[in-house]
Amino acid sequence: MQTRALLALFASFTLAFPLVQSAQTPAPPSLKMTTKKLSPDQVQKSAIVIDTHADTPQRFVDENFDLNDPLNLGNFNLESARKGNLGAEFFSIWVDPVPNKSHFARRTLILIDSVKQQVAKHPDQMMFVTSPDGIEEAHREHKLATLMGIEGGHSIEDSLALLRDYYALGVRYMTLTWSNSNGWADSSGDIDDTSIPHTKEGLTEFGKDVVYEMNRLGMMIDISHVSDRTFYRTLVITRAPVIASHSSARALCDVPRNMTDDMLRAVANSGGPNSKGGVVQVNFFSGFVSQAYWDAMKAQAPERQKAVDDAKAKAKAESREFTYSDEEKIQRSYMDRISRPPLSMLIDHIDHIAKVAGIDHVGLGSDFDGVSGQLPEGLDSPADLPKITQALLDRGYSAEDCRKILGGNLLRVFREVEAVSKQLQAESRPRITDKQPFEKPQK
Ligand SMILES: [Zn+2]
């Protein structure tokens, strides 16, 4: 309540200031003092902090992990979210394409259910929401707004019907691809692999239908992971601004998963002519933050992969399941040998994106529980998020700037995606849904 009162004062001060100035009367010193006094903790508490990417659902399903459990090598639980004043989390619905080859939708539905089970178990601490209003409502009730995003268009199994089903279940963004190209959109993860079929222009006709249908439904289009060509193709046709749910800056760390300065600006300009533009949510993974970490990772890749392959073969020989978390443990044991970059390097990415794309186009997409390697020093869970706020304030960012980065920008984009959806649903132009049967022919 203390913080809210301060904010109200701050707002009235800002409004009153031009009048004060014209009358040549200095602002009351008490107000000046109040605005200066906002501590990093107060700024953190005055924000609706939103993280757009945590892979914890893998743990719910594969490890029977409960959000009240201790972190136990993971990054995310309710206690750490509370400590860091996290307001909203988008849990990632990510289907590992290799072990789930013939049943992407099945695994997708299991992961969606796992998120809902957690909310059902912890109704006092979590609230399942599907809208910006819902995020604000959960915030008022001091609960973690719980949302979902699908990571990888392969989850829809070439079916707009499944896309609509996922929307109906509450999914509010979809990353067009994960590291695998899916036939209608290309991934940065395999774009150089000539053994994998790719599209001619970044999106097939069906891929364009997916983008349009997401716009129409009000599902945010997430361009993290896609190839550069798919990125630009998507931006040409989307009517709503896009998000990068977990991507960093390629100028600082040259990896295909990160975004060039030109792409950062393109996200800021995405959407229709009246759009306020999209947002790039910075990924915390050390390999995307620090070039040295990435290079060290690459150097140990053959040895690391051999260890994974050996363990997989052993599990198979013993008729045991080999899960994502089994692989994660092996990957991690290798990456733990590389020293973690300092937190300041992550702040450099936020700073860079704010300078290149603008302060209204940067946010946080941690990738908690989704990275095999370490996060930067001192950043182990949402409990450490206030350190980011502190660092931004130290670099001269205002409280208002921090609130935008911490969640305000994402809320703005989410609202605009909803508004575009309403417009498209009201239009009389032929809709994809009118073209039944619209499904891609089965091979
Ligand atoms: Zn990812």
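Please refer to the structure higher up on the page.
Owing to the predicted nature of the structure, the values given are computational and were not obtained by experimental measurement.

Trainee: Explain the layout of surface pockets to me, using residue names and the numbers behind them.
Mentor: The computed volume of the largest pocket comes to approximately 1,700 Å³. Lining the largest pocket are 47 residues, and of these W94, W178, S179, E327 and Q331 sit closest to its centre. Within the residue set of the lining of the largest pocket, elements represented by two or more residues are helix 4 (57–62), helix 13 (291–299), helix 14 (301–317) and helix 15 (324–335). When residues in the lining of the largest pocket are grouped by element, the largest group, 5 residues, is from helix 15. Considered class by class, the residues forming the lining of the largest pocket number 18 nonpolar, 14 polar and 15 charged.

Trainee: Kindly report on the coordination of the zinc ion, identifying the contributing residues and their values.
Mentor: Distances from the zinc ion to its protein donors, namely E151 (OE), H225 (NE2) and H246 (NE2), fall within the range 1.9 to 2.2 Å. If you list the donors of the zinc ion from N- to C-terminus, the spacing comes out as E-x73-H-x20-H. Of the two residues, E151 sits in strand 4 (residues 144–151) while H246 sits in the loop between strand 7 (243–244) and helix 11 (261–268), which places them 95 residues apart along the sequence. Taken as a pair, E151 and H246 share a single burial class, namely buried.

Trainee: Quick rundown of the packing of aromatic side chains? Include the residues and the values.
Mentor: Overall, the coordinates contain 11 aromatic pairs when judged by the stated rule. Three or more aromatic residues joined by ring pairs make a cluster, and in this case those are F285, F288, Y293 and W294. It is R337 that lies over the ring of Y334; its NZ or CZ is 4.2 Å from the centre.

Trainee: So, unusual backbone geometry: which residues are in play, and what are the values?
Mentor: In this structure, H142 takes a positive phi of about 55° despite not being glycine. Assignment of secondary structure puts H142 in the loop between helix 7 (132–140) and strand 4. Phi angles above zero are rare outside glycine, and D158 is one such case at about 55°. Relative to the helices and strands, D158 is located in the loop between strand 4 and helix 8 (160–169).

Trainee: Lay out helix 9 (residues 205–217) in plain terms, naming residues and giving numbers.
Mentor: Over its 13 residues, helix 9 runs 18 Å from end to end, which matches the ideal 18 Å to within 8%, given 1.5 Å per residue. Among the 13 residues of helix 9, 11 are classified as buried, and the element is accordingly described as predominantly covered. Those residues of helix 9 that are buried lie in contact with helix 8, strand 5 (171–175), strand 6 (220–222), helix 10 (228–237) and helix 18 (399–426).

Trainee: Can you lay out the side chain of N258 for me, pointing to particular residues and giving the numbers?
Mentor: Mapped onto the secondary structure, N258 falls in the loop between strand 7 and helix 11. Reaching out from N258, the side chain makes a polar contact with the backbone oxygen of F288 at a distance of 2.9 Å. With residues up to four places along the chain from it excluded, the contact list for N258 reads S247, S248, A249, R250, C253, F288 and H349.

Trainee: I'd like a description of the pairing of strand 8 (residues 279–282), backed by residues and values.
Mentor: Taking every second residue as pointing to the same face, both faces of strand 8 are buried, with V279 and Q281 on one and V280 and V282 on the other. Pairing between strand 7 and strand 8: 2 bridges, direction parallel. Each bridged residue has a counterpart across the sheet, and for I243 the counterpart in strand 8 is V279. What joins strand 7 to strand 8 is helix 11, and the crossover it makes is right-handed.

Trainee: Requested: an account of the packing of helix 13 against helix 14, with residues and values cited.
Mentor: Helix packing geometry: the angle between the two helix axes and the distance between the axes. At a closest axis distance of 5 Å, the pairing of helix 13 and helix 14 adopts a crossing angle of 55°. Taken together, the axes of helix 13 and helix 14 lie oblique to each other. Within the contact between the two elements, helix 13 uses M297, K298 and A299 and helix 14 uses A301, P302 and R304. Partitioning the contact of helix 13 with helix 14 into residue classes produces 4 nonpolar, no polar and 2 charged.

Trainee: Can you break down empty space enclosed by the protein residue by residue, with the values?
Mentor: Following the criterion strictly, the structure yields 1 cavity of 30 Å³ or more and no others. Its volume calculated, the largest cavity comes out at about 50 Å³.

Trainee: Residues and numbers for the pairing of strand 5, please.
Mentor: Of all 5 residues in strand 5, 5 are buried; the element is thus mostly enclosed. Here strand 4 runs beside strand 5; their pairing, made up of 4 bridges, is parallel. Looking at strand 5, one finds that I150 is bridged to M174. Relative to strand 6, strand 5 runs parallel, the two being bridged by 3 bridges. Considered in strand 6, the bridge of Y173 is made with M220.

Trainee: Break down the pattern of salt bridges for me, with residues and values.
Mentor: With the rule as written, the count across this model stands at 26 salt bridges. Here K83 and E79 are joined by a salt bridge, their closest N and O atoms 3.3 Å apart. Of this pair, K83 and E79 both sit in helix 5 (residues 78–83), 4 residues apart, which is roughly one turn of that helix. Looking at E79, the relative accessible area reads 42%, which means it is partly exposed. Here E141 ties to K143 by a salt bridge, and the two come within 3.8 Å at their closest N and O atoms.

What counts as what
- Residues numbered from 1 in each chain as written.
- Predicted model: local features only at pLDDT ≥ 70, side-chain atom pairs only at ≥ 80, totals over all residues.
- Heavy atoms only, no water.
- 1 Å grid on protein atoms, 1.4 Å probe; cavity = no way out; pocket = protein on both sides within 12 Å on 5 of 7 lines; lining within 4 Å.
- Points joined across faces, edges and corners; volume = space filled by probe spheres on them.
- Helix = DSSP H or I, 4+ residues; strand = E, 2+ residues; numbered from the N terminus.
- Nonpolar A, V, L, I, M, F, W, Y, C, P; charged D, E, K, R; others polar.
- Donors = N, O, S within 2.8 Å, 3.2 Å for Na, K, Ca; no water.
- Buried < 20%, exposed > 50% of the residue type's maximum accessible area, 1.4 Å probe, protein only.
- Phe/Tyr/Trp six-rings, centres within 6.5 Å; stacked < 30°, edge-to-face > 60°.
- Lys NZ or Arg CZ within 6 Å of the ring centre and 35° of its normal.
- Expected span 1.5 Å × (residues − 1).
- Contact = heavy atoms within 4.5 Å.
- Polar contact = N/O pair within 3.5 Å; in protein donor to acceptor, adjacent residues only side chain to side chain.
- Pairing = 2+ DSSP bridges.
- Right-handed = clockwise from strand over helix to strand, strands pointing away.
- Axes fitted to C-alpha atoms, helices over the stretch in contact; angles between N-to-C directions.
- Parallel < 35°, antiparallel > 145°, perpendicular 65-115°, else oblique.
- Salt bridge = Lys/Arg side-chain N within 4 Å of Asp/Glu carboxyl O.

Without other data, these values stay purely geometric and don't point to any function.
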